[in-house]
Amino acid sequence: METITAQVAKTQFGELLMKAQREPVEISKHGKRVAVVMSAEEYDQIETLKLQMLREKLARAEADIANGRSMEGDQFFNQLMKEFDDE
């Protein structure tokens, strides 16, 4: 992934948009990563995958509840957040 500065992104915005159609472009400011620009198509694909993962987790949770395997809400969300951190 190409990295450009925020100043370059500002002055060459049209070129940034063209590059983002081919691959994500990382933007840095003062040496720190601040944004990634990508095509709308790639963004939509990522959002679709996120929704699919959430639906799978919900289906597993519903199956666990139906089979009598349940836990307190705080414990569930802590475990869920840990799973996201591990990915």
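This write-up is about the structure you can find in this document.

Let's talk about the sheet that holds strand β1 (residues 2-5)
Inference 1: Taken together, the three strands give an open sheet; going across it, the order is β1-β2-β3, and neighbouring strands pair in mixed fashion. Two strands lie at the open edges of the sheet, namely β1 and β3 (32-37), each paired on one side alone. Strand-to-strand, the axes of this sheet are offset by a mean angle of 35 degrees, without reference to chain direction.
Inference 2: Pairing of β1 with strand β2 (residues 25-29), which is carried by four bridges, proceeds in the parallel orientation.

A look at empty space enclosed by the protein
Inference 1: Taken as a whole and assessed by the stated rule, the structure comprises one cavity of 30 Å³ or more.
Inference 2: Computed from the structure, the largest cavity encloses a volume of approximately 30 Å³.
Inference 3: Here the lining of the largest cavity gets three residues from one element, more than from any other, and that element is helix α2 (residues 13-22).

Concerning the side chain of Lys57
Inference 1: If you trace the backbone, Lys57 turns up in helix α3 (residues 40-66).
Inference 2: For Lys57, a relative accessible area of 12% puts it in the buried group.
Inference 3: For Lys57, the side chain forms a polar contact with the side chain of Glu83, separated by 2.8 Å.

Remarks on the layout of surface pockets
Inference 1: Space inside the largest pocket adds up to approximately 410 Å³.
Inference 2: Along the walls of the largest pocket sit 15 residues, with Lys57, Arg60, Ala61, Asp64 and Phe76 positioned nearest its centre.
Inference 3: In terms of residues, the lining of the largest pocket owes the most to one element, α3, which gives seven residues.

Calculation notes
Residues numbered from 1 in each chain as written. Predicted model: local features only at pLDDT ≥ 70, side-chain atom pairs only at ≥ 80, totals over all residues. Heavy atoms only, no water. Pairing = 2+ DSSP bridges. Helix = DSSP H or I, 4+ residues; strand = E, 2+ residues; numbered from the N terminus. Axes fitted to C-alpha atoms, helices over the stretch in contact; angles between N-to-C directions. 1 Å grid on protein atoms, 1.4 Å probe; cavity = no way out; pocket = protein on both sides within 12 Å on 5 of 7 lines; lining within 4 Å. Points joined across faces, edges and corners; volume = space filled by probe spheres on them. Buried < 20%, exposed > 50% of the residue type's maximum accessible area, 1.4 Å probe, protein only. Polar contact = N/O pair within 3.5 Å; in protein donor to acceptor, adjacent residues only side chain to side chain.

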